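Okay, here's what each chain looks like letter by letter:
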Amino acid sequence: MEACHPTQQYNVTSYGVLNVSIITLEAFAGMWINAFIVCVLCIACVKKKTLNSNEKILLLLGCSRFWYLCIAWIYKFLSFIYPNYLYVHTILQLAVFFQAFFDHCNLWFSASLCGFYCIKIATFRNRFFIYLKLKIDRMVPWLLLGSGILALAVGIVAYDVADTPHCNSNSTGQGNFGTANIKMDKHFFPSFFLAGFEYAASFMAVIFSAVFLLFSLWRHKCTMQTNSMKDLSMDAHIRAMKSIFSFLVVYSINFVCLVLNMVYVTKKLNHMTFLILVFQYIFPGLHSLVLVFSNPKLEKALLKILPLERSVKRKVCMS
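Residues numbered from 1 in each chain as written. Predicted model: local features only at pLDDT ≥ 70, side-chain atom pairs only at ≥ 80, totals over all residues. Heavy atoms only, no water.

Caption draft 1: Seen up close, the overall build of the protein chain. Across its full length, the protein chain carries 10 helices and 0 strands. Reading the helices (α) and strands (β) of the protein chain from amino to carboxyl end gives α-α-α-α-α-α-α-α-α-α. Taken across its 319 residues, the protein chain has 44% of its residues classed as buried. When the accessible surface of the protein chain is split by element, carbon and sulfur atoms take 70% of a total near 17,400 Å². (Helix = DSSP H or I, 4+ residues; strand = E, 2+ residues; numbered from the N terminus. Buried < 20%, exposed > 50% of the residue type's maximum accessible area, 1.4 Å probe, protein only. Areas by Shrake-Rupley, 256 points an atom, 1.4 Å probe, with all protein chains shown as cover.)

Caption draft 2: Summary view of the pattern of salt bridges. Tallied over the full model, the rule gives 3 salt bridges. Here K297 and E55 are joined by a salt bridge, their closest N and O atoms 2.5 Å apart. Pair noted here: K297 is in helix α9 (residues 296-305) and E55 is in helix α2 (residues 53-81), with a separation of 242 residues, a long-range link. Its relative accessible area of 35% is what places K297 among the partly exposed residues. You can call E55 buried: its relative accessible area is 5%. (Salt bridge = Lys/Arg side-chain N within 4 Å of Asp/Glu carboxyl O.)

Caption draft 3: Inspection of the packing of aromatic side chains at higher detail. Under the criterion given, the structure shown has 17 aromatic pairs. Aromatic pair F203 and F255: ring centres 4.1 Å apart, planes at 5°, arrangement stacked. Residue F203 is located in helix α6 (residues 189-226), and its partner F255 is located in helix α7 (residues 232-263); the two are separated by 52 residues in the primary sequence. Following the ring pairs from residue to residue traces out a cluster consisting of F124, F129, F208, F212, F215 and W218. (Phe/Tyr/Trp six-rings, centres within 6.5 Å; stacked < 30°, edge-to-face > 60°.)

Caption draft 4: Spatial organisation of the nonpolar core. One finds F36, Y251, Y281 and V292 to be the most contacted residues of the largest nonpolar core, which totals 67 residues. Broken down by secondary-structure element, the contributors of at least two residues to this core are α1 (14-48), α2, α4 (91-121), α5 (127-163), α6, α7, α8 (271-293) and α9. Counting residues per element, this core draws most heavily on α4, at 11 residues. The next biggest cluster of nonpolar side chains, apart from the first, holds 5 residues, and it includes L86, Y87, L92 and A95. (Core = buried A, V, L, I, M, F, W, Y, C linked by side-chain atoms within 4.5 Å.)

Structure, rendered in structure tokens:
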């Protein structure tokens with residue numbers, strides 16, 4: 001049995017080629033930076049024989065983002081260039097399943113990382129918060145397991161929805177990336193409800209963690225200023241606040257795009273849906289880049305392989 005096949009000859013337009021080119025550039029840049037994070041952490045794991053809690057979260061986050069971008073790009077590329085190879089039974093369902101699974105792994109692992117940093121770094125005198133600070137390292141494996149289970153639930157529901165598509169015969173108009181129009185009915189409600197719930201829950205977790213952490217760092221910075229303790233520690237606090245704030249802005253925009261994507265999921269490709277796709281593809285790489293430059297080990301490893309640092313070193317040696 002096959003999924004809804006296009007009845008018209010699929011036309012590759014210059015606009016569609018431009019869209020695929022931009023998405024390809026974003027996807028490969030995101031895959032590169034996340035593959036870099038995974039490689040650095042794997043090498044560190046081999047050397048030290050172990051990883052600390054935040055490195056475990058970063059490792060799984062990098063893996064999930066790499067595979068999400070890889071599968072999502074293959075899906076978009078095939079749906080535009082070779083739709084007949086994609087819209088067949090099992091292949092489409094598996095593509096949708098893995099894309100949804102890794103997408104939600106990405107959301108929950110990033111939320112877990114933000115929560116972990118909040119509990120580890122923030123300083124509050126609340127007894128429950130102190131208890132969490134003492135137990136957080138033991139809780140991380142269970143937190144990651146729970147994130148994977150929640151992502152798996154969305155993937156299973158997405159597979160079930162893709163297994164019984166509702167398509168019309170005019171679903172492959174020019175420039176639509178080959179995505180079949182979906183007739184919204186009660187069959188799709190579980191998928192949208194579960195996905196929307198997980199989007200909102202992960203977003204709220206990030207918001208609360210980031211706000212609490214920003215407040216704690218700001219309060220500590222004010223205390224240091226009052227005591228005239230302006231040193232490297234204060235600069236580190238300011239740098240951390242900037243990183244958290246930038247992540248909060250990027251994550252908020254991504255959440256808006258996720259919600260808009262649910263609204264426009266049945267629409268043909270237009271400028272609005274394309275802008276949503278562009279940011280969804282750039283978010284995994286952009287946030288991972290923020291994480292790299294906020295982690296001294298990853299930043300040092302990245303600068304070593306960039307030609308910029310090599311040229312600076314040569315100038316210094318020559319002088």
